[in-house]
Amino acid sequence: MSCTSVAAGRLDTLVFDDSYVRELPGDPESTNTVRAVYGACHSLVVPTPVAAPRLLACSREAAALIGLDAGECATPRFAEVFAGNALLPGMRPHAACYGGHQFGQWAGQLGDGRAIVLGEVLNAGGARWTLQLKGAGRTPYSRSADGRAVLRSSIREFLCSEAMHHLGVPTTRALSLVVTGEGVLRDMLYDGNPQIEPGAVVCRLAPSFIRFGHFELFTARGDEYTLGKLADYTLRLHFPELGAPSPATYVAWFHEICRRTARLVVEWTRVGFVHGVMNTDNMSVHGLTLDYGPYGWLEDYDPLWTPNTTDAAGRRYCFGNQPGIAQWNLARLAAALRPLIPEAEALQEGIDRYARTYAEGWRAMMAAKLGLSAFEAEDAARVETLFDMLRETPTDMTLFFRGLAELAELPGGVADDALLAPLRVAWYAPPAPAARERLLVWLRALQMRYARDGRPPEERRAAMNRVNPLYVPRNYLVQQVIDRAEQGDTAGIAEMLDVLRHPYVAQPGREGWAAPRPEWARNRVGCSMLSCSS
């Protein structure tokens, strides 16, 4: 299939493929009714048109991935297509069938309940990008839901998807955000007081949206035929460097998923991101951050913090649990692949590789955050002491590590106040006298470690600022953007996206986008924890 015309940059020149529909078993029933679907990877379903689609935001970087000119995003037809009101030639819209473990329990069939894949775009370089609408209407997997999404959650997904990319964290991408002109009934707090909220649709991009839960469902049903078809398809299309499908290739593939997942969780840890819903149906075989539901960013450092109100009691998906949960999820995937990889030892080697890769990656990541050339044995205690102190004195994680870069340029022997000055902005409350002294001892020991490390101070500072962001999509800042948008002022979406394009570079005049959480936002809905209602 030729891709040369994609360079023209118009909607009509996008080159679509339908490999997922063409090569994998499909649902024989064509009606869009909620039901159990067996022996199929997908159900054909057309998005439900909306009343008055209007584009609120488009990512020019995501548009470039599919060879689409940014100017084309401003056309009325773009809004029609990416709201689900019109299809382009070559699109074969469908919803995927998969299962998963939710909060540690097998949930059976789940599937795309409010997501519809439009098709796969092949860009000029031969890369394959799957386009998926989130909030485009009911599918056979919608269960009791309406298949729609509200504006607040759609803004959060759009902004965070692109922010994660610019932060260097593996992620699905967001092409567009379109309001529908229709209301959606939601009970945001699950307190019996539902309200009508503005509806919206996000177009997401990824090589594919294949999840751990795809394989779990077919194994749970004893459907080894469909399991094998999906595994072989995934290998051929998305992991061709591993070789043709075979028992040995299945093993190499699982090990690669383990490696990518470890890298992903290390990157989440580096920037203080908490996914909030690490169910196996939200885990990508590509090692990408997938499904931005009630996610959040650590503000005052707390490894037990979860952004998800549904998770408040058990804190299964809190910040500190993410590495272990990822390993647990990989074990569920390993169990699903047993019909293809009967040797338990080979699967355990993959799990062990995850643990090893995460540990190695974590050490390298922490060395980089602290400005060290390499992580040495003594640094383990140094980091443990640091996190104990951050828990003891409420401290903004993002601003603390950013402030450490200023410490890297301070000479030894400076006065206590000068040593602490770069970190003051990170404190939500001043440290008690004993905590202050403990921090000073730690900082002076770190300066001595820098002296032994031998790295020039200006080089160390620059290196630290490349891995410790200044701007992240803080919960309260995104909520302010949402509040403005719901009142009709959508300019904040573009403003925030523009700031987040350069998260590691100080942007004069935009200091407010790096400000720590104000006290009024500590417990406000949307600024702290969120529900899954969207």
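All of these numbers come straight from a predicted model, not from anything done at the bench. Along each chain, numbering runs from 1 in the same order as the chain's sequence is written. The predicted nature of this model means local features are confined to residues of pLDDT at least 70 and side-chain atom pairs, given and counted, to a pLDDT of 80 or more, with totals for whole chains, interfaces and linings taken over all residues. Excluding hydrogens and water, the side-chain values take into account all heavy atoms of the structure.

Peer 1: Where do I start with the overall build of the protein chain in this structure?
Peer 2: Helix and strand assignments follow DSSP, with helices taken as H or I runs no shorter than four residues and strands as E runs no shorter than two, numbered in order from the N terminus. The helix and strand tally for the protein chain stands at 16 helices and 13 strands. Atoms counted for the radius of gyration: C-alpha only. Globule rule: 2.2 Å times the number of residues to the power 0.38. Taking 534 residues into account, the globule formula puts the C-alpha radius of gyration at 24 Å, and the protein chain, at 24 Å, falls close to it. Note on contacts: a residue pair is in contact if any heavy atoms of the two residues lie within 4.5 Å. Contacts in the protein chain between residues far apart in sequence, at least 24 positions, make up 72% of those at least 6 positions apart. All accessibility values rest on the Shrake-Rupley procedure with a 1.4 Å probe; residue burial counts only the protein chains present in the view. Carbon and sulfur atoms provide 55% of the accessible area of the protein chain, an area that totals close to 19,900 Å².

Peer 1: Can you help me understand the packing of aromatic side chains in this one?
Peer 2: Centre distance and the angle of the planes are the two values used to describe a pair of aromatic rings. A pair of aromatic rings is counted whenever rings of Phe, Tyr or Trp (Trp by its six-membered ring) have centres within 6.5 Å, and the orientation is called stacked for planes under 30 degrees apart, edge-to-face for over 60 and tilted otherwise. The tally for this structure, following the rule as stated, stands at 17 aromatic pairs. The interplanar angle of 20° and the centroid separation of 4.9 Å between the aromatic rings of Tyr301 and Phe387 together place this pair among those described as stacked. Placement of the pair is Tyr301 in the loop between strand S13 (296-297) and helix H8 (322-336) and Phe387 in helix H10 (residues 379-392), with a sequence separation of 86 residues. One exposure class covers both Tyr301 and Phe387, and it is buried. A centroid spacing of 6.3 Å and a plane angle of 20° characterise the contact between Tyr354 and Tyr358, whose relative ring orientation is stacked. Here the residue Tyr354 and the residue Tyr358 both occupy positions in helix H9 (residues 344-370), the gap between them amounting to 4 residues, near one helical turn. Residue class for Tyr354 comes out buried when judged on its relative accessible area of 1%. With a 1.4 Å probe rolled over the protein chains alone, any residue whose accessible area is under 20% of its type maximum counts as buried; one over 50% counts as exposed, and the rest are partly exposed. Looking at Tyr358, the relative accessible area reads 14%, which means it is buried. Taken together, the aromatic side chains of Trp268, Phe273, Tyr292, Tyr295 and Trp297 make up a single cluster linked through ring pairs. It is Arg332 that lies over the ring of Trp328; its NZ or CZ is 4.3 Å from the centre. Sitting over a ring, as applied to charges here, requires NZ of Lys or CZ of Arg to be within 6 Å of the ring centre and within 35 degrees of the ring normal. The residue whose ring lies beneath Arg517 is Tyr428, and the NZ or CZ to ring-centre distance is 4.4 Å.

Peer 1: What's the story with helix H15 (residues 475-486) in this structure? I'm lost.
Peer 2: Residue pairs spaced three or four apart in an α-helix point in one direction, given the helix's 3.6 residues per turn. With 12 residues, H15 extends 16 Å between its outermost C-alpha atoms, agreeing within 8% with the 16 Å of an ideal straight helix rising 1.5 Å per residue. Restricting attention to buried positions, one finds in H15 the residues Asn475, Tyr476, Leu477, Val478, Gln479, Val481, Ile482 and Ala485. As for H15, its buried residues are in contact with helix H4 (151-167), S13 and helix H16 (491-500). An expected span of 1.5 Å times one less than the residue number is assigned to each helix.

Peer 1: Any chance you could explain the packing of H4 against H15 here in plain terms?
Peer 2: The angle between the axes and the distance between the axes are what describe a pair of packed helices. Interaxial distance between H4 and H15 falls to 10 Å at its minimum, and their mutual angle equals 130°. The orientation of H4 with respect to H15, classified from their angle, is oblique. The hand of the H4/H15 crossing is right-handed. From H4, Leu151, Arg152, Ile155, Arg156 and Leu159 reach across to H15, where they touch Val478, Val481, Ile482, Ala485 and Glu486. For the contact of H4 with H15, the residue count by class is 7 nonpolar, no polar and 3 charged. The axes used here are C-alpha line fits, helices contributing only the stretch in contact, and every angle between their N-to-C directions lies in the interval 0 to 180 degrees. Angles are sorted into four bins: roughly parallel if under 35 degrees, roughly antiparallel if over 145, roughly perpendicular if 65 to 115, and oblique for all others. Each helix crossing is assigned a hand: it is left-handed if the near helix lies turned anticlockwise from the far helix by less than a right angle, otherwise right-handed if that turn is clockwise. In this classification, the charged set is Asp, Glu, Lys and Arg, the nonpolar set is Ala, Val, Leu, Ile, Met, Phe, Trp, Tyr, Cys and Pro, and all remaining amino acids, among them Gly, are polar.

Peer 1: Before we go on, may I ask you to explain the side chain of Gln479 in this structure?
Peer 2: Note that Gln479 resides in helix H15. A relative accessible area of 11% places Gln479 in the buried class. In this view, Gln479 contacts Arg524, Val525, Gly526 and Cys527; residues no more than four positions away in its chain are not counted.

Peer 1: Explanation requested: the nonpolar core in the structure shown.
Peer 2: Joining through side-chain atoms within 4.5 Å is the link that ties buried Ala, Val, Leu, Ile, Met, Phe, Trp, Tyr and Cys residues into a set, and such a set is a nonpolar core. Formed by 122 residues in total, the largest nonpolar core has its most connected members in Phe215 and Leu404. Broken down by element, this core gets its largest block of residues, 12 residues, from helix H7 (residues 247-271). Excluding residues within four positions of it along the chain, Phe215 makes contact with Ile210, Leu227, Leu230, Ala231, Thr234, Trp253, Val285, Leu333, Ala336 and Leu337. Core analysis: the next-biggest nonpolar cluster, separate from the first, contains 31 residues, Val37, Ile66, Leu68 and Cys97 among them.

Peer 1: What should I look at first to understand the pattern of salt bridges in this one?
Peer 2: A side chain with one charge can pair with a side chain of the opposite charge if their charged atoms come near. Criterion for a salt bridge: a side-chain nitrogen of Lys or Arg within 4 Å of a carboxyl oxygen of Asp or Glu. The tally for this structure, following the rule as stated, stands at 50 salt bridges. For the salt bridge of Asp17 with Arg22, the shortest nitrogen-to-oxygen distance reads 2.8 Å. Among the residues examined, Asp17 registers a relative accessible area of 8% and is labelled buried. Note on Arg22: relative accessible area 46%, which makes it partly exposed.

Peer 1: Looking at this model, I keep getting lost on H7. Mind explaining?
Peer 2: An ideal rise of 1.5 Å per residue puts 36 Å on 25 residues; H7 measures up with 37 Å between its terminal C-alpha atoms. Here H7 lies mainly inside the structure; 20 of its 25 residues are buried. Positive phi shows up at Gly272, right after H7, with a value of about 80°.

Peer 1: Sorry, what's going on with the pairing of strand S7 (residues 115-122) here?
Peer 2: Within a regular strand, the side chains alternate between the two sheet faces. Of all 8 residues making up S7, 8 are buried, and the element is well covered by its neighbours. By this definition, two strands are paired if DSSP reports at least two bridges between them. Bridging between strand S1 (residues 16-17) and S7 involves 2 bridges; their strand directions are antiparallel. Within S7, the position partnered with Phe16 by the bridge is Val121. Bridge analysis of S7 against strand S8 (residues 128-134) gives 7 bridges, and the strand direction is antiparallel. Residue pairing across strands places Val121 opposite Trp129, the latter belonging to S8. Here S7 folds back onto S8 in antiparallel fashion, the turn holding 5 residues, of which Gly126 has a positive phi close to 90°.

Geometric descriptors of this kind do not, in isolation, establish any biological role.
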